[in-house]
Amino acid sequence: MRVNKILLPVDGSTHSRKACEMAIEQARANKASIILLHCHKPVPLALGQPNFQEMTEYYSREANDLLAPFREMLEDSGIEYQDKVIGGPTASVIVEVAEAEECDLVIMGTRGKSNLEGLVLGSVTHRVLQTSPCPVLVVR
């Protein structure tokens, strides 16, 4: 399997950090690039101005803070990457970005829940595994 582009969704957790380390290894081995992705809750349009703008700016600052250590890891590794911050349902956004960017692999962390818990709780990882257009490597 040839991997040219890796999608790396992160949420700031230790599991995301481990997934980033794995993504760097895979990118090096395949001479691939990485798309670093963070999803946040969508901002309701009904908030109106200036509330809508304030919430958008808040999510942007929060995302930049969360992405900073991952950007540093990727820059230190010398791997080519781009980052994206998108609002919406996390699993759907991950799958949509994987499709739109024609990613060859998604590498993401998990909280380590069992398959049954994933089904009952509707975990993001479980949904991505079921709907991704490309292989998904889950890192624990």
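Description of the packing of helix 1 (residues 14–30) against helix 2 (residues 51–77)
- For the pair helix 1 and helix 2, interaxial distance at closest approach is 11 Å and the crossing angle is 25°. The angle between the axes of helix 1 and helix 2 places the two elements in the roughly parallel class. With respect to the hand of their crossing, helix 1 and helix 2 are arranged in right-handed fashion. Facing helix 1, whose interface residues are Ser16, Arg17, Cys20, Glu21, Ile24 and Arg28, helix 2 presents Pro69, Phe70, Met73, Leu74 and Ser77.

A word on the layout of surface pockets
- Roughly 160 Å³ of internal volume is contained in the second largest pocket.
- Elements with a contribution of two residues or more to the lining of the second largest pocket: strand 2 (33–40) and helix 2.
- Ranked by residues supplied to the lining of the second largest pocket, first place goes to helix 2 with 4 residues.
- Of the residues contributing to the lining of the second largest pocket, the split by class is 5 nonpolar, 4 polar and 2 charged.

Description of the sheet that holds strand 1 (residues 5–9)
- Ordered by their spatial adjacency, 5 strands build an open sheet running 3-2-1-4-5, and the pairing between neighbours is parallel. Here the strands that pair on one side only, and so sit at the sheet edges, are strand 3 (81–87) and strand 5 (136–139). The average undirected angle you get between the axes of adjacent strands in this sheet is 20°.
- Of the strand pairs in this sheet, strand 2 and strand 3 are connected by 7 bridges, and their pairing is parallel. Residue pairing in the sheet places leucine 36 in a bridge with aspartate 83 of strand 3.
- Helix-sheet contacts for helix 2 involve strand 2 and strand 3, and the interaxial angle to strand 2 is about 155°.

Examining the packing of aromatic side chains
- Following the criterion strictly, the structure yields 1 aromatic pair and no others.
- Between tyrosine 58 and tyrosine 59, the ring centres sit 5.9 Å apart and the planes meet at 50°, which makes this aromatic pair tilted.
- Classification of tyrosine 58 as partly exposed rests on a relative accessible area of 39%.

Quick look at the nonpolar core
- In this structure, Ile6, Leu8, Val10, Cys20, Ile34, Leu36 and Ile107 are the most contacted members of the largest nonpolar core, which totals 21 residues.
- Taken together, the elements giving at least two residues each to this core come down to strand 1, helix 1, strand 2, helix 2 and strand 4 (105–109).
- Ignoring sequence-local partners within four residues, the contact set of leucine 36 consists of Leu8, Val10, Leu67, Phe70, Arg71, Leu74, Gln82, Asp83 and Lys84.
- Counting 14 residues, the second-largest nonpolar core is a separate cluster that includes Leu7, Val97, Met108 and Cys134.

Notes on a nonpolar patch on the surface
- On the surface, Leu47, Met55 and Tyr58 cluster together into a nonpolar patch covering about 240 Å² of accessible area.
- As for its placement among the helices and strands, leucine 47 is situated in the loop between strand 2 and helix 2.
- When its relative accessible area of 34% is taken as the criterion, leucine 47 is described as partly exposed.

Regarding helix 1
- Between its first and last C-alpha atoms helix 1 spans 24 Å; for 17 residues at 1.5 Å apiece the expected length is 24 Å, and the two agree.
- All of the buried residues along helix 1 are Ser16, Ala19, Cys20, Ala23, Ile24, Ala27 and Asn30. The buried residues of helix 1 occupy an angular sector of 145° when projected down its axis, which confines them to one face. Across helix 1 from its buried face, at more than 90 degrees, point the exposed residues Thr14 and Ala29.
- Residues of helix 1 that are buried in the fold lie against strand 1, strand 2, helix 2, strand 4 and strand 5.
- At the C-terminal side of helix 1, lysine 31 shows a positive phi close to 55°.

Rules and cut-offs
Residues numbered from 1 in each chain as written. Predicted model: local features only at pLDDT ≥ 70, side-chain atom pairs only at ≥ 80, totals over all residues. Heavy atoms only, no water. Axes fitted to C-alpha atoms, helices over the stretch in contact; angles between N-to-C directions. Helix = DSSP H or I, 4+ residues; strand = E, 2+ residues; numbered from the N terminus. Parallel < 35°, antiparallel > 145°, perpendicular 65-115°, else oblique. Left-handed = near helix turned anticlockwise from the far one by under 90°. Contact = heavy atoms within 4.5 Å. 1 Å grid on protein atoms, 1.4 Å probe; cavity = no way out; pocket = protein on both sides within 12 Å on 5 of 7 lines; lining within 4 Å. Points joined across faces, edges and corners; volume = space filled by probe spheres on them. Nonpolar A, V, L, I, M, F, W, Y, C, P; charged D, E, K, R; others polar. Pairing = 2+ DSSP bridges. Phe/Tyr/Trp six-rings, centres within 6.5 Å; stacked < 30°, edge-to-face > 60°. Buried < 20%, exposed > 50% of the residue type's maximum accessible area, 1.4 Å probe, protein only. Core = buried A, V, L, I, M, F, W, Y, C linked by side-chain atoms within 4.5 Å. Patch = residues over 30% accessible without salt bridge, like charges linked within 9 Å, V, L, I, M, F, W, Y side chains within 5 Å. Areas by Shrake-Rupley, 256 points an atom, 1.4 Å probe, with all protein chains shown as cover. Salt bridge = Lys/Arg side-chain N within 4 Å of Asp/Glu carboxyl O. Expected span 1.5 Å × (residues − 1). Arc of directions from axis to C-beta.

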